[in-house]
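# Observations on the three-dimensional arrangement
Residues per chain, in single letters:
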Amino acid sequence: MSTGSQEEAPNSGPTVLRILLGAQLRRLRETKGITREDAGYEIRASGSKISRMELGRVSFKERDVADLLTLYGVDDPAEREALLGLARQANNPGWWHHYGDIMPSWFQSYLGLEAAATLIRTYEIQFVPGLLQTPEYARAVIMLGHAGATTDEIDRRVELRRQRQQVLDRIDPPQLWAVIDEAVLRRPIGGVDVMRGQIEALIEASRRPNVRLQIIPFHAGGHAAAGGPFAILRFPEPELPDVVFVEQLTSAIYLDKRDDVDHYAIAMERVCIDAEPPNHTPDILGKLLHEVGRLG
């Protein structure tokens, strides 16, 4: 996972590089039987700082990594350089750093994960998933949460979403498996014309080889994930666990403990069963498009 530029390579991300490096540092520390507190002392920090480093939640100072490698007995020059190089790459900014003024840090972390994922499973109950939104629909959604924003800011937020969607168009795109509650498609975000365009876009998206789209109809009743939307991301590196992303109003929760991930994975499997099969999606959307057309 190497990149020679300051901008992030399409298949990597600083977030995932940090997680990968942190996991390797944790294994080295545990192999030597060194506590987090002792490791923290070595780099003039606390045990909690080591914990955050090992979880990939903070940036790495190359000097700190070098000191930890020495403490862990890594003296092979090639191995040291590989890990130090990973630390340098992990501090490179992603493409989204240009939008840092309009985007909270917790969402920048998600974009890093999304950019590096090979499989993105998402469940939505209120809005069309961001990766599948049309510009017009995205603008309407953004204006709901940023009513006082200037036109320029709204434009930049729409452009950010458009840039984010390019992950589905790259040479080796992730698989997107989205399950949408029928209420999402009947909520007139932006008005009739905007919804018509959005449903047409979803019909096209459902035919893409790397997109699987399912709809949970009203008649399915209650289901396993009724508590709220979430996403589960999987990465190509076997060392990296799946990560669950649960967005809240002003923050987000990231879960990577096996029990938590398993809980959400089971819920995702159940909503996929409750939903109509993917091959039914174009027909369902076609009927909804006809209904929206009559409203217009």
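Small disclaimer: the values here were computed from a predicted structure and weren't measured.

## Let's talk about the layout of surface pockets
If you add up the space inside the largest pocket, you get close to 1,100 Å³. The residue makeup of the lining of the largest pocket, split by class, is 22 nonpolar, seven polar and six charged.

## A short note on empty space enclosed by the protein
Enumeration over the complete set of coordinates arrives at two cavities of 30 Å³ or more. Looking at the largest cavity, the residues that line it are Q133, T134, P135, A138, V158, R161, R162 and Q165. Those elements that place two or more of their residues in the lining of the largest cavity are helix 7 (135-145) and helix 8 (151-165). The dominant element in the lining of the largest cavity, judged by the number of residues it contributes, is helix 8, at four residues. Its residues placed into classes, the lining of the largest cavity shows three nonpolar, three polar and two charged.

## Remarks on the pattern of salt bridges
Where charged atoms from two side chains of opposite charge come close, those side chains can pair. A complete count under the given rule lists 19 salt bridges for this structure. In this structure, E114 engages R164 in a salt bridge whose closest nitrogen and oxygen atoms are separated by 2.8 Å. Of the two residues, E114 is situated in helix 6 (residues 105-116) and R164 in helix 8; the sequence distance between them amounts to 50 residues. In this structure E114 comes out as buried when scored by relative accessible area, which is 2%.

## Quick look at the UniProt feature "domain: HTH cro/C1-type" (unreviewed entry) in the protein
Under the local residue numbering, the UniProt record ascribes the feature "domain: HTH cro/C1-type" (unreviewed entry) to residues 25-80. Along residues 25-80, the helical share is 66% and the strand share 0%, with 11 Å between the first and last C-alpha atoms.

## Considerations on the sheet that holds strand 2 (residues 175-181)
What links the strands of a sheet is backbone hydrogen bonding, and the strands pair in either a parallel or an antiparallel sense. Spatial ordering of the open sheet is given by 3-2-1-4-5-6, a layout of six strands whose pairing is mixed. Among the strands making up the open sheet, the edge pair consists of strand 3 (211-216) and strand 6 (252-255). Between one strand axis and the next, the sheet turns by 15° as a mean value, whatever way the strands run. Two strands pair when backbone bridges link them, and strand 2 and strand 3 are joined in this way by six bridges, in the parallel orientation.

## Comments concerning the pairing of strand 2
Taken across its seven residues, strand 2 has five buried, putting it largely inside the fold. Pairing geometry for strand 1 (residues 119-124) and strand 2, over six bridges, is parallel. When the bridges of strand 2 are listed, Y123 appears paired with V179.

## A word on the environment of V65
In this fold, V65 is placed in helix 4 (residues 62-71). Taking the relative accessible area as the measure of exposure, V65 reaches 0% and is therefore buried. Sequence-wise, V65 and I43 are 22 residues apart; in three dimensions their C-alpha atoms are separated by 8.6 Å.

## Side note on the domain arrangement of the protein
Each assigned domain of the protein is listed with its residue range as follows: domain 1 (14-91) and domain 2 (104-293). Its C-alpha centre places domain 1 at a distance of 34 Å from the equivalent point of domain 2. At the interface, seven residues of domain 1 touch eleven residues of domain 2. A combined buried area of about 730 Å² lies between domain 1 and domain 2, and 71% of that area is made up of carbon and sulfur atoms. Three residues stand out in domain 1 for area buried against domain 2, namely T15, V16 and L20, and they jointly supply 57% of the buried area on that side. Inspection of the domain 1/domain 2 interface yields zero salt bridges. Linking domain 1 with domain 2 are zero residue pairs in polar contact (both at pLDDT 80 or more). The class makeup of the residues in the side of domain 1 that touches domain 2 is four nonpolar, one polar and two charged.

The rules behind the values
- Residues numbered from 1 in each chain as written.
- Predicted model: local features only at pLDDT ≥ 70, side-chain atom pairs only at ≥ 80, totals over all residues.
- Heavy atoms only, no water.
- 1 Å grid on protein atoms, 1.4 Å probe; cavity = no way out; pocket = protein on both sides within 12 Å on 5 of 7 lines; lining within 4 Å.
- Points joined across faces, edges and corners; volume = space filled by probe spheres on them.
- Nonpolar A, V, L, I, M, F, W, Y, C, P; charged D, E, K, R; others polar.
- Helix = DSSP H or I, 4+ residues; strand = E, 2+ residues; numbered from the N terminus.
- Salt bridge = Lys/Arg side-chain N within 4 Å of Asp/Glu carboxyl O.
- Buried < 20%, exposed > 50% of the residue type's maximum accessible area, 1.4 Å probe, protein only.
- UniProt positions renumbered as here; feature names shortened; annotations may be inferred.
- Pairing = 2+ DSSP bridges.
- Axes fitted to C-alpha atoms, helices over the stretch in contact; angles between N-to-C directions.
- Domains from an automatic or database assignment.
- Contact = heavy atoms within 4.5 Å.
- Buried area = accessible area lost by both parts, 1.4 Å probe.
- Polar contact = N/O pair within 3.5 Å; in protein donor to acceptor, adjacent residues only side chain to side chain.

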